Amino acid sequence: MKFLDKEVIEHPNIEFLGRLSSSELVDAYSNALFTLFPFTHEPFGYVPLESMACGTPALTYNFQGPSEYVIDGHTGWLTRSDNELVQKGAELWKNGYTPSMRSACVKEAIKYDTKFYIKKWLKVLDGLCGGRVSLQ
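Overview of the structure. None of the values given here were measured: they were computed from a predicted structure.

### Comments concerning the pairing of strand E2 (residues 58–61)
Here three bridges tie strand E1 (residues 35–37) to E2, and the two strands are oriented parallel to one another. By the bridge assignment for E2, Thr-35 is matched with Ala-58. On the question of chirality, the crossover connecting E1 to the parallel E2 by way of helix H3 (residues 46–53) is right-handed. For E2 and strand E3 (residues 76–79), the ladder comprises four bridges, and the chain directions are parallel. If you follow Thr-60 over to E3, its bridge partner there is Leu-78.

Structure (structure tokens):
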């Protein structure tokens, strides 16, 4: 893979899976302890949200998109530095977290489902158009 450092792909503790089908991705998210999303410049970031929809909390940075929907300590963890990210990951690996976080993740992720967003946009448009917007 051109975008990954060779040391990462060949590391003995890392298994690179490549591209996964939708069902394989759901299985991977659902069976993970947590999802690590180590990106700092992501306008929205679907990976943490997909993980949360599968009931798995996300560990990411407190920057941009993911910080808008990952709730620190409730649906995942937000860190401010590389060191903090690594320390939190090691702590979670060693100690785990409360199982109730998994259901909290699903509840939060549902808020971003398209059917809910359509309703939100229709309300906004309806307010702007004086109650004349309908979905037919």
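Now that the structure has been shown, the text picks up again.
### With respect to the pattern of salt bridges
Enumeration over the complete set of coordinates arrives at two salt bridges. For the salt bridge of Lys-88 with Glu-91, the shortest nitrogen-to-oxygen distance reads 3.0 Å. One end of the pair is Lys-88 and the other is Glu-91, both in helix H4 (residues 82–95) and three residues apart, which spans about a single turn. According to the relative accessible area criterion, Glu-91 is partly exposed, its value standing at 40%.

### Description of the packing of H3 against helix H5 (residues 100–110)
One can describe the packing of H3 onto H5 by two numbers: an axis separation of 7 Å at closest approach and a directional angle of 120 degrees. In terms of axis orientation, H3 runs oblique to H5. Here the hand of the crossing between H3 and H5 comes out left-handed. Contact residues: Leu-49, Met-52 and Ala-53 in H3; Cys-105, Val-106, Glu-108 and Ala-109 in H5. Counted by class, the contact of H3 with H5 contains six nonpolar, no polar and one charged residues.

### Points about the sheet that holds E1
With respect to topology, three strands assemble into an open sheet ordered E1-E2-E3, the strand pairing being parallel. Each end of this open sheet is capped by a strand with a single partner; those strands are E1 and E3. Going across the sheet, the axis of each strand differs from the next one's by a mean of 15 degrees, ignoring polarity.

### Overview of H5
Those residues of H5 lying buried are Met-101, Ala-104, Cys-105, Glu-108 and Ala-109. Seen from one end, H5 has its buried residues packed into an arc of 130 degrees, which puts them on one side. Its buried side turned inward, H5 meets H3 and E3.

### A look at the environment of His-41
Here His-41 shows up in the loop between E1 and H3. When the C-alpha positions of His-41 and Gly-76 are compared, they lie 18 Å apart, and in sequence the two are 35 residues distant.

Procedures and definitions
- Residues numbered from 1 in each chain as written.
- Predicted model: local features only at pLDDT ≥ 70, side-chain atom pairs only at ≥ 80, totals over all residues.
- Heavy atoms only, no water.
- Pairing = 2+ DSSP bridges.
- Helix = DSSP H or I, 4+ residues; strand = E, 2+ residues; numbered from the N terminus.
- Right-handed = clockwise from strand over helix to strand, strands pointing away.
- Salt bridge = Lys/Arg side-chain N within 4 Å of Asp/Glu carboxyl O.
- Buried < 20%, exposed > 50% of the residue type's maximum accessible area, 1.4 Å probe, protein only.
- Axes fitted to C-alpha atoms, helices over the stretch in contact; angles between N-to-C directions.
- Parallel < 35°, antiparallel > 145°, perpendicular 65-115°, else oblique.
- Left-handed = near helix turned anticlockwise from the far one by under 90°.
- Contact = heavy atoms within 4.5 Å.
- Nonpolar A, V, L, I, M, F, W, Y, C, P; charged D, E, K, R; others polar.
- Arc of directions from axis to C-beta.

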